[in-house]
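Structure at a glance
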Amino acid sequence: MSYFSDIYNGIKTLLTGMRVTGKYFLTSRKGAITQQYPDNRETLKMFDRFRGEVIMPHDEENQHRCTGCQKCEIACPNGTIEIIWDRGIDEETGKKKKKIDQFVYHLSMCTMCGLCIDVCPTDAIEWGQNFENSVYDRAALTRVLNEPGSKLMPGVED
Amino acid sequence: MTTALSITKNIHDWLFSTMPEGVASIVEMTLIALVYLGIFSVAGLFLVLMERRVAAWFQLRIGPNRVGFQGLLQTMADALKLLSKELTGTVKADKFLYNLAPYFVIISSLMALAVIPFTKDFHAFDINIGIFFLIAISSIGVIGILLGGWSSNNKFALIGAMRSGVQTISYELSIGLSLLTMVLITETLQLSEIVEVQKNGWLIVQGHIPAIIAFMIFMIAGTAETNRAPFDMAEAESELGAGFHTEYSGMKFAYFFLAEFINMFIIAAIAATVFFGGWLSPFGITESIPLLGVFWFLAKTLTLVFLMMWFRWTFPRLRVDQLLTLEWKYLLPINLVNIVIMAAVVWLNLTINF
Ligand code: SF4
Ligand code: SF4
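Residues numbered from 1 in each chain as written. Chains lettered and ligands numbered in written order. Predicted model: local features only at pLDDT ≥ 70, side-chain atom pairs only at ≥ 80, totals over all residues. Heavy atoms only, no water.

**Overview of the nonpolar core**
Counting 88 residues, the largest nonpolar core has Met182, Phe218 and Phe275 of chain B as the members making the most contacts within it. Among the elements that line this core, the one with the most residues is helix α12 (residues 250-275) of chain B, at 16 residues. For this core, the two domains that each supply at least three residues are domain 1 (1-84) and domain 2 (92-347) of chain B. Phenylalanine 275 of chain B has contacts with Met182, Gln198, Trp202, Leu203, Ile204, Ala211, Ala214, Phe215, Phe218 and Ile270 of chain B, leaving out every residue within four places of it along the chain. Formed by 19 residues, the second largest nonpolar core is a distinct cluster that contains Cys66, Cys116, Cys120 and Leu141 of chain A. (Core = buried A, V, L, I, M, F, W, Y, C linked by side-chain atoms within 4.5 Å. Buried < 20%, exposed > 50% of the residue type's maximum accessible area, 1.4 Å probe, protein only. Helix = DSSP H or I, 4+ residues; strand = E, 2+ residues; numbered from the N terminus. Domains from an automatic or database assignment. Contact = heavy atoms within 4.5 Å.)

**Side note on the domain arrangement of chain A**
By a widespread convention, an interface's size corresponds to the accessible area lost as its parts come together. Per the domain assignment, the segments of chain A are domain 1 (2-34) and domain 2 (53-152). Computed from C-alpha atoms alone, the centre-to-centre distance between domain 1 of chain A and domain 2 of chain A is 51 Å.

**Concerning the interface of chain A and chain B**
Each partner contributes residues to the interface: chain A has 20 residues there, and chain B has 20 residues. The contact between chain A and chain B buries some 1800 Å² in all, and 69% of this surface belongs to carbon and sulfur atoms. It is Tyr3, Met18 and Phe25 of chain A in chain A that bury the most area against chain B; as a group they hold 34% of the surface buried on that side. Taken together, the connections running from chain A to chain B amount to one salt bridge. On the surface where chain A and chain B come into contact, there are eight residue pairs in polar contact (both at pLDDT 80 or more). (Buried area = accessible area lost by both parts, 1.4 Å probe. Salt bridge = Lys/Arg side-chain N within 4 Å of Asp/Glu carboxyl O. Polar contact = N/O pair within 3.5 Å; in protein donor to acceptor, adjacent residues only side chain to side chain.)

**Some details on the site of ligand 2**
Not every one of the 14 residues close to ligand 2 is listed here, only the nearest: Cys66, Cys69, Gln70, Cys72 and Cys120 of chain A. Classifying every residue of the shell around ligand 2 gives nine nonpolar, four polar and one charged. (Near = heavy atom within 4 Å. Nonpolar A, V, L, I, M, F, W, Y, C, P; charged D, E, K, R; others polar.)

**Some points on the pairing of strand β4 (residues 96-106) of chain A**
All names here are of chain A. Both strand β3 (residues 81-89) and β4 contribute to a ladder of nine bridges, which runs antiparallel. Looking at β4, one finds that isoleucine 89 is bridged to lysine 96. Counted along the chain from β3 to the antiparallel partner β4, the turn is six residues long, and its residue glycine 94 has a positive phi close to 75°. In the sheet, β4 pairs with strand β6 (residues 142-144) via three bridges, with the strands oriented antiparallel. Paired with valine 104 across the strands is valine 144, a residue of β6. (Pairing = 2+ DSSP bridges.)

**A word on the packing of helix α4 (residues 95-114) of chain B against α12 of chain B**
Each pair of packed helices can be described by the angle between their axes along with the distance between the axes. All names here are of chain B. Contact geometry for α4 and α12: axes closest at 9 Å, N-to-C directions at 25°. Considered as vectors, α4 and α12 are oriented roughly parallel to each other. Relative to α12, α4 is oriented so that their crossing is left-handed. Seen from α4, the contacting residues are Tyr98, Asn99, Ala101, Pro102, Tyr103, Val105, Ile106, Ser109, Ala112 and Leu113; seen from α12, they are Lys252, Tyr255, Phe256, Ala259, Ile262, Asn263, Phe265 and Ile266. Here the residues of the contact of α4 with α12 are counted per class, giving 14 nonpolar, three polar and one charged. (Axes fitted to C-alpha atoms, helices over the stretch in contact; angles between N-to-C directions. Parallel < 35°, antiparallel > 145°, perpendicular 65-115°, else oblique. Left-handed = near helix turned anticlockwise from the far one by under 90°.)

**A closer look at the sheet that holds β6 of chain A**
All names here are of chain A. Read from one edge to the other, the open sheet built from three strands follows the order β3-β4-β6, with strand pairing classed as antiparallel. Whereas interior strands pair on both sides, the edge strands pair on one side only; in this sheet they are β3 and β6. Each neighbouring strand pair of the sheet contributes to a mean axis angle of 25°, computed without reference to strand direction.

**Digging into the layout of surface pockets**
A water-sized probe rolled over the atoms picks out the places where empty space is left. Taken as a whole, the largest pocket spans an internal volume of roughly 1100 Å³. Considering the residues around the largest pocket, the lining is formed by 29 residues, among which Gly10, Ile11 and Leu14 of chain A together with Ile220 and Leu326 of chain B are closest to the centre. When residues of the lining of the largest pocket are traced back to their parent elements, those giving at least two are α1 (2-31) of chain A together with α10 (208-225), α13 (292-312) and α14 (320-347) of chain B. Considering every element that reaches the lining of the largest pocket, the biggest residue donor is α1 of chain A, with eight residues. Grouping the constituent residues of the lining of the largest pocket by class yields 23 nonpolar, four polar and two charged. (1 Å grid on protein atoms, 1.4 Å probe; cavity = no way out; pocket = protein on both sides within 12 Å on 5 of 7 lines; lining within 4 Å. Points joined across faces, edges and corners; volume = space filled by probe spheres on them.)

**Here's the deal with a nonpolar patch on the surface**
Together, Ile11 and Leu15 of chain A together with Ile212 and Met216 of chain B make up a nonpolar patch on the protein surface, roughly 340 Å² of accessible area in all. Mapped onto the nonpolar patch, the elements with two or more residues apiece are α1 of chain A together with α10 of chain B. Taking the relative accessible area as the measure of exposure, isoleucine 11 of chain A reaches 37% and is therefore partly exposed. (Patch = residues over 30% accessible without salt bridge, like charges linked within 9 Å, V, L, I, M, F, W, Y side chains within 5 Å. Areas by Shrake-Rupley, 256 points an atom, 1.4 Å probe, with all protein chains shown as cover.)

**Side note on the packing of aromatic side chains**
The full count for this structure, using the stated rule, is 24 aromatic pairs over all chains. With a centroid separation of 6.5 Å and an interplanar angle of 80°, the aromatic rings of phenylalanine 50 of chain A and phenylalanine 131 of chain A are classed as edge-to-face. Placement of phenylalanine 50 of chain A in the loop between α1 and β1 (53-55) and of phenylalanine 131 of chain A in the loop between β5 (126-128) and β6 is noted, with a sequence separation of 81 residues between them. Considering the side-chain rings of phenylalanine 311 of chain B and phenylalanine 315 of chain B, the 5.7 Å spacing of their centres and the 25° angle between planes classify their relative orientation as stacked. The same class applies to phenylalanine 311 of chain B and to phenylalanine 315 of chain B, which are both buried. Members of the aromatic cluster, each reached through a chain of ring pairs, are Phe25 of chain A together with Trp57, Phe58, Phe306 and Trp310 of chain B. (Phe/Tyr/Trp six-rings, centres within 6.5 Å; stacked < 30°, edge-to-face > 60°.)

**Section: the domain arrangement of chain B**
Residues and elements named next belong to chain B. When the domains of chain B are assigned, the result is domain 1 (1-84) and domain 2 (92-347). One C-alpha centre belongs to domain 1, the other to domain 2; they are set 20 Å apart. Contacts between the two partners involve 24 residues from domain 1, matched on the other side by 29 residues from domain 2. The interface formed by domain 1 and domain 2 holds two salt bridges in total.

**What about the environment of isoleucine 127 of chain B?**
All names here are of chain B. The topology assignment puts isoleucine 127 in the loop between α4 and α5 (130-138). Along the backbone, isoleucine 127 and asparagine 263 are 136 residues apart, and their C-alpha atoms lie at a distance of 20 Å. Not counting residues up to four positions away in its chain, the partners in contact with isoleucine 127 are Val115, Phe133 and Gln190.

**Observations regarding the side chain of glutamate 327 of chain B**
All names here are of chain B. In this fold, glutamate 327 is placed in helix α14. Although glutamate 327 is buried, it forms no salt bridge, and the closest oppositely charged side chain is lysine 329 at an N-O distance of 13 Å. If we skip the residues at most four places from it in the chain, glutamate 327 touches Ser170, Tyr171, Leu173, Ser174, Leu332 and Pro333. (Lys, Arg positive; Asp, Glu negative; His and termini not counted.)

Next up, the structure:
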């Protein structure tokens with residue numbers, strides 16, 4: 001008698017499926033995941049985990065957390081990051097110390113693999129959610145991530 | 001052509017008064033053909049748009065809404081684009097058959113469209129074997145598909161065409177038998193009379209249980225006839241490229257595409273006519289205005305079209321063996337038993353009549 005129970009189960013499972021999609025159909029107006037992009041440029045907010053570009057956050061006193069250890073430069077498979085460093089005098093100890101001059105990031109070569117962010121021991125760099133990266137001149141894609149005149153946040157190295 | 005709608009009647013009289021009879025009837029036939037071509041293209045384009053919007057809503061998307069109000073002109077723009085595209089072909093294709101195939105497909109669906117009553121007397125070709133004609137014509141379309149797949153000299157196209165042949169030949173049987181079940185009640189094959197019979201209640205009510213079973217079988221087999229998902233093995237994008245129309249481009253591709261949607265409309269229209277009273281309004285509320293019949297007919301048909309779209313965006317594609325099992329082991333025996341039940345119902349006068 002499995003013949004008839006097969007038919008019964010077949011119809012039942014098909015109706016279950018149709019109920020699910022039917023519910024989607026009715027709620028699609030509110031739940032639509034499509035973003036009508038250029039129209040909602042002002043309100044569109046990307047998800048936190050979206051990988052748009054690598055950024056280096058600075059605090060109010062223009063301080064960043066990058067020690068200039070160059071681990072990210074080594075980790076990057078594409079040579080996207082170039083760290084131009086310098087030696088300066090540490091005010092507290094008076095010793096010579098490595099510090100970054102320019103953190104150069106070539107967005108055009110970045111594959112958004114995230115290795116640099118994983119490897120950074122001081123969490124100096126992270127993902128930015130900007131996605132409007134098209135420019136007319138590719139030189140505009142080479143960025144210096146540390147702000148001019150910025151310095152290392154105290155206490156990061158401890 | 002019986003024309004009680006006053007406009008068509010006036011044109012008919014005017015034509016026959018100004019010209020000799022032979023010329024007038026030829027002119028009239030041409031006019032009707034043009035009107036039906038118009039219906040064909042407008043309905044096809046509208047259905048494509050409807051499919052895309054409905055599919056989008058099922059998938060929590062928005063769908064085309066940029067060209068024209070709410071995307072109404074989107075498919076028109078697509079058709080214009082396809083018109084302007086180059087017609088490519090394969091070098092070793094059988095040129096004659098390759099070019100002939102799309103016309104087989106659209107001509108068969110146009111011929112099927114001709115016998116469907118849109119409303120009282122809006123009916124190009126009211127023959128007394130209407131249903132039989134529909135069943136016969138709907139199997140000609142598959143020849144176009146087979147020709148297209150065979151002549152384009154492409155193995156994916158050939159596999160797609162062969163699958164389509166297998167599928168259509170099998171499911172043809174269920175379509176025919178489920179319609180025959182209903183013919184047992186109506187006692188006629190003529191579509192206009194089938195609608196007349198339903199003035200005492202739609203056939204799905206008159207025939208109650210066997211009619212509902214027949215309706216379910218008809219919808220399943222009809223979906224298979226039109227090669228739509230979950231029975232879209234003839235096209236199976238993930239397996240065969242585009243199936244039988246892999247090698248077609250431009251307008252010839254558009255013919256296949258439009259014909260597929262018109263076939264869906266035809267299946268839904270047959271179901272609406274045979275099971276849901278065609279252009280009859282529910283409880284006869286607008287019986288005095290025959291023109292509103294078009295509205296009721298389209299409302300019923302589009303509801304059924306929506307049902308088929310719902311199937312398409314819910315169910316996964318069947319395998320070939322599952323497809324044949326479904327037809328030969330389930331639908332066909334159920335259908336045969338159903339005919340006997342229906343015969344008993346009609347014989348014992350168990351139909352529900354208002
Ligand atoms: S995300 Fe990957 S490619 Fe981009 S800078 Fe970091 S390590 Fe290099
Ligand atoms: S960003 Fe991080 S890993 Fe890269 S140099 Fe600065 S501290 Fe080192």
